[in-house]
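As a plain string of letters, each chain reads:
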Amino acid sequence: MGDQSVVSLANDSQSGSPVPTPTLRWEEPPEGPVLILLDQTRLPVEEVELVCTDVQALVDAIRTLAVRGAPVLGLAGAYGIALAAARGFDVAEAERQLASARPTAVNLGYGVRRAAAAYRSALDTTADPQRAAQAALAEARALHAEDAAASERMASHGLALLKKLVPGGGLRILTHCNTGALVSGGAGTAFAVAHAAHREGLLRRLWVDETRPLLQGARLTAYEAARADMTYTLLADNAAGSLFADGAVDAVLIGADRIAADGSVANKVGSYPLAVLAHHHNVPFVVVAPTTTVDLATADGASIEVEQRPGHEVTEIAHPIAEAGSGIVLAPLGTQAYNPAFDITPAPLVTALVTENGVASPVTAATLAALALSDTR
Ligand SMILES: CSC[C@H]1O[C@H](OP(=O)(O)O)[C@H](O)[C@@H]1O
């Protein structure tokens with residue numbers, strides 16, 4: 001484990017907002033620059049921050065999901081390059097380690113490459129490592145601001161779409177995993193749309209899938225919804241089918257980790273079954289993601305690498321998420337577990353994709369490319 005220290009959040013200075021402090025922030029104390037992360041493995045029980053002073057600490061935080069969620073992984077990757085440059089570490093090595101920390105979310109590699117390119121360009125023109133480090137930090141900050149702005153615009157486009165799809169308000173939205181401010185430089189992706197509906201008095205209930213095995217829904221989405229005073233109900237993932245059967249879902253809103261050129265969507269495991277249920281019950285299935293999640297270089301869903309995570313996350317339960325053997329045993333010792341972190345939803349099952357540049361519906365290679373390439377920032 002790299003150099004991490006833990007700081008408890010004494011008072012909640014932003015009560016009423018979905019998160020108590022920014023998911024990640026850069027600081028420059030006298031002893032050197034640091035990247036500070038709200039440790040998502042400890043939520044909702046403890047609000048503690050990880051202070052990362054080196055790249056290994058950040059890579060560990062990404063791998064253990066202390067920082068998680070596609071858009072914010074892009075920010076973490078970019079700030080990680082800035083941290084390496086500012087502290088005189090090998091930037092090329094940092095680029096390799098950060099970009100490979102988790103394989104599925106395209107945003108991680110995108111953020112790393114953007115900051116590394118800014119660093120190299122500045123180094124080439126100035127031959128001054130300090131100027132180059134400043135350029136990497138400026139690029140990370142620019143990506144951070146872009147993501148915050150994208151989040152706001154997705155909330156607006158998404159809310160307008162919901163008003164069209166489900167006129168009259170009283171929305172009962174089902175969401176999966178966690179897609180709020182914890183995954184973003186702003187208010188998030190799918191959760192930001194639900195939060196916007198809540199603020200306009202249009203949200204009757206947010207159904208929150210617990211999202212086994214790491215329980216991002218139970219631990220994080222319920223946490224954000226409670227802090228935002230939203231009406232929400234937690235459910236076991238297996239209970240979602242009966243909600244559809246009872247006609248209790250007006251729309252499904254989920255995020256994404258990578259969207260291939262044919263419109264296939266990689267997202268938290270359990271998303272594909274929801275898409276099938278939504279299709280069978282004629283319920284809108286809406287994906288909300290910034291264009292940084294669209295990967296036109298990956299042809300189709302079969303080409304997306306789905307992260308396979310350790311079996312102990314299924315055979316044990318631990319809080320905070322910990323290494324094998326430290327949790328409550330749920331299955332006989334030695335049980336083999338299948339634990340893909342994501343699954344793939346084919347484009348025909350997606351009613352609409354909401355991005356900061358607008359909405360694609362249906363989602364086809366053509367509508368996706370038009371959206372991803374139109375830069376209306
Ligand atoms: C909108 S990004 C959040 C996205 O990331 C989550 O995965 P993980 O918790 O493993 O980082 C999940 O797929 C969410 O939809």
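Residues numbered from 1 in each chain as written. Predicted model: local features only at pLDDT ≥ 70, side-chain atom pairs only at ≥ 80, totals over all residues. Heavy atoms only, no water.

J.: Would you mind going over the overall build of the chain with me for this structure?
T.: Each helix and strand in the chain was counted, giving 11 helices and 17 strands. Principal-axis analysis of the C-alpha atoms gives the chain an extent of 65 × 50 × 40 Å. By the burial criterion, 56% of the 377 residues in the chain qualify as buried. Carbon and sulfur atoms provide 54% of the accessible area of the chain, an area that totals close to 14800 Å². Mean positive and mean negative side-chain charge positions of the chain (26 and 40 charges, respectively) differ by 4 Å. (Helix = DSSP H or I, 4+ residues; strand = E, 2+ residues; numbered from the N terminus. Buried < 20%, exposed > 50% of the residue type's maximum accessible area, 1.4 Å probe, protein only. Areas by Shrake-Rupley, 256 points an atom, 1.4 Å probe, with all protein chains shown as cover. Lys, Arg positive; Asp, Glu negative; His and termini not counted. Charge placed at Lys NZ, Arg CZ, Asp CG, Glu CD.)

J.: Explain unusual backbone geometry here, please?
T.: Put simply, L43 and P44 share a cis peptide bond, and its omega is 5 degrees. Tracing the sequence through the fold places P44 in the loop between β3 (34-38) and β4 (48-52). In this structure, A127 is a non-glycine residue whose phi angle is positive, near 55 degrees. When you line up the elements, A127 lands in the loop between α4 (106-126) and α5 (129-165). One non-glycine residue, N282, lies in the positive phi region at around 55 degrees. Relative to the elements of secondary structure, N282 occurs in the loop between α9 (271-280) and β11 (285-288).

J.: What is the right way to read the UniProt feature "binding site: substrate" (unreviewed entry) in the chain from this model?
T.: Under the present numbering, the feature "binding site: substrate" (unreviewed entry) in UniProt falls on R68, G69, A70, R102, Q216, N267 and K268. Positionally, R102 belongs in the loop between α3 (91-99) and α4. Setting aside residues no more than four positions away along its own chain, R102 makes contact with I62, L65, R68, L73, L108, K268, E307, R309, A341 and F342. When you line up the elements, N267 lands in strand β10 (residues 265-268). (UniProt positions renumbered as here; feature names shortened; annotations may be inferred. Contact = heavy atoms within 4.5 Å.)

J.: I keep staring at the site of the ligand and nothing clicks. Help me out?
T.: What surrounds the ligand is a group of 18 residues, the closest being R68, R102, D257, N267 and K268. D257 places a polar side-chain atom, nitrogen or oxygen, 2.4 Å from an oxygen atom of the ligand. A distance of 2.6 Å separates an oxygen atom of the ligand from a polar side-chain atom of N267. Here the ligand has 400 Å² of accessible area as a free molecule, and 100% of this is covered by the chains. In the shell around the ligand, the residues fall into 7 nonpolar, 7 polar and 4 charged. (Near = heavy atom within 4 Å. Polar contact = N/O pair within 3.5 Å; in protein donor to acceptor, adjacent residues only side chain to side chain. Nonpolar A, V, L, I, M, F, W, Y, C, P; charged D, E, K, R; others polar.)

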